Amino acid sequence: MKHIMLVFGTRPEAIKMCPIVNELKKRNGVKVTVSVTGQHKEMLKQVLDIFHVLPEYNLDIMKEHQTLFDVTISILSKIKEVLIKEQPDIVLVHGDTTTTFAASLACFYLNIKIGHVEAGLRTYNIYSPYPEEFNRQAVGIIANYNFAPTIHAKANLIKEGKDKDTIYVTGNTAIDALKFTVRVDYNHPELQWCNNCRLILITAHRRENIGKPMEGMFTAIRSIIEEYPDVKVIYPIHMNPVVREIAESVFNGIDRIHIIEPLDVIDFHNFMARSYLILTDSGGIQEEAPALGIPVLVMRDTTERPEGVDAGTLKLVGIEKENIYANCKLLLDNLAEYNKMNKAVNPYGDGTASKKIVDFLLTEC
Ligand code: UD1
Ligand code: UDP
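Residues numbered from 1 in each chain as written. Chains lettered and ligands numbered in written order. Predicted model: local features only at pLDDT ≥ 70, side-chain atom pairs only at ≥ 80, totals over all residues. Heavy atoms only, no water.

> Please clarify how the overall build of the chain should be interpreted in this entry.
Of regular secondary structure, the chain possesses 16 helices and 13 strands. Its C-alpha atoms give the chain a radius of gyration of 20 Å, within 12% of the compact-globule value 21 Å for 365 residues. Across its three principal axes, the chain shows a C-alpha extent of roughly 60 × 40 × 40 Å. Burial status across the chain gives 58% buried among its 365 residues. Long-range pairs, those at least 24 residues apart, make up 69% of the contacts in the chain between residues at least 6 apart in sequence. Of the side-chain charges in the chain, 40 are positive and 46 negative, and the distance between the mean point of each set is 3 Å. (Helix = DSSP H or I, 4+ residues; strand = E, 2+ residues; numbered from the N terminus. Rg over C-alpha atoms; globule rule 2.2 N^0.38 Å. Buried < 20%, exposed > 50% of the residue type's maximum accessible area, 1.4 Å probe, protein only. Contact = heavy atoms within 4.5 Å. Lys, Arg positive; Asp, Glu negative; His and termini not counted. Charge placed at Lys NZ, Arg CZ, Asp CG, Glu CD.)

Printed below as a string of structure tokens:
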């Protein structure tokens, strides 16, 4: 019987891998093992609970203020034991985290085949995002099967010399997840608090933005809140303690921003769907927002998701506070500019990516 193992460890990987786990579990004739690294803890558990996924292994490596060394070394040594014991035929990894990189490296050392989900995303700037651009390029070198979400991602892989027979365009499993989470009759006390106001939803966590850039982003948002009495901001904050320190110092004393704990994915997707505008440096949100038609100002200098920018829903505004402030103001003041971005287009597939990936795994690998 074919044995497929999925290895993931952070919130976004879990959101985009659980639909594949659940699709695999519907099929006969395949053994499925889920190994989570526990690079995230609470934020990972939230997702596993929503999708009812119970991992066979949890390496439980997270520690507060973990460094890239801590994460890489712990995963590499702990996943080795699991892989040797289980001897899977294929290991599926997702995207570009350090879990993805370290798990793939372990498979390479043990001669185990790797299937890379969300393959081919690139900025071609190795420092942006950091270390994710390195992680995904490195996995790209050793992956045996590449599940590219779009033809643009496939083109990147072809350009890098990958064999086209290893690349399969599937759409993004984020859309599979969205189909399951967004509900018309959804409500929440925080949304009631925003009633009759324009809601700006924010998230920020990128390693390269921590410090001055993040302080600048938050200062721009603070200026917007102070200037627009009809705007309220909800910030479901990442659990990184350094991000929390910066947010608390900049937003201290403002009552039209609610900094709340990370939302589970059902809550978060429904908050997104009801926002006026989203400000973020996240990757996954750039895939989800175009499908929902909610304008996003991406607080980064680069993006590996140009499809959303081409579709018009995303605008790359960089990390300078003046630019973030000006772009936010434009969308609050100018309805024509807002309407240009406020349209639902979905470059990331029809929500059947997991089915396509599983069909491919069971018939072609
Ligand atoms: C990681 C990924 C990043 C991904 C992001 C998604 C790497 C290097 N970074 O970054 O690519 O975009 O996840 O969110 O792989 N923490 C908790 N509980 C949790 C999760 C995190 O307390 O459930 C705290 C811990 O103190 C931890 C810190 O957050 O040390 C940072 O977590 P880490 O996974 O190292 O970095 P992220 O910024 O989350
Ligand atoms: N998300 C969530 N709860 C939150 C914030 C985000 O479930 O409070 C979801 C979001 O919808 C997206 C993913 O988490 O699917 C993005 O995760 P994150 O920004 O941490 O990582 P990235 O996508 O940047 O790697």
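Having put the structure on the table, let's press on.
> Sorry if this is basic, but what is going on with the pairing of strand β10 (residues 257–260) here?
The side chains of a regular strand alternate, first on one face of the sheet and then on the other. Relative to β10, strand β9 (residues 231–236) is paired through 4 bridges, and the arrangement is parallel. The residue bridging Y235 from the neighbouring strand is I259, located in β10. Between β9 and its parallel partner β10, the chain crosses via helix α10 (residues 241–251), and the hand of that crossover is right-handed. (Pairing = 2+ DSSP bridges. Right-handed = clockwise from strand over helix to strand, strands pointing away.)

> Quick question: what am I supposed to make of the sheet that holds strand β1 (residues 2–8) here?
Backbone hydrogen bonds are what pair the strands of a sheet, in a parallel or an antiparallel way. With parallel pairing, 7 strands are arranged side by side in an open sheet as β3-β2-β1-β4-β5-β6-β7. In the strand order of this sheet, the two ends are held by β3 (57–58) and β7 (167–169), each with one partner. Examined bridge by bridge, strand β5 (residues 113–117) and strand β6 (residues 145–148) share 3 bridges and lie parallel to one another. Residue G115 lies in a different strand from β6, and its bridge partner there is Y145. Across the sheet, helix α6 (residues 151–159) touches β6 and β7, and the angle it forms with β7 is around 165 degrees. (Axes fitted to C-alpha atoms, helices over the stretch in contact; angles between N-to-C directions.)

> Please explain the pattern of salt bridges as it appears in this structure.
Scanning all chains against the criterion turns up 28 salt bridges. Across the pair E160 and R122 runs a salt bridge, and its minimum N-O distance is 2.7 Å. A residue pair is termed long-range when its members are at least 10 positions apart, and E160 in the loop between α6 and β7 and R122 in the loop between β5 and α5 (132–142) qualify at 38 residues. As a salt-bridge pair, R136 and E304 come within 3.0 Å of each other at their nearest N and O atoms. (Salt bridge = Lys/Arg side-chain N within 4 Å of Asp/Glu carboxyl O.)

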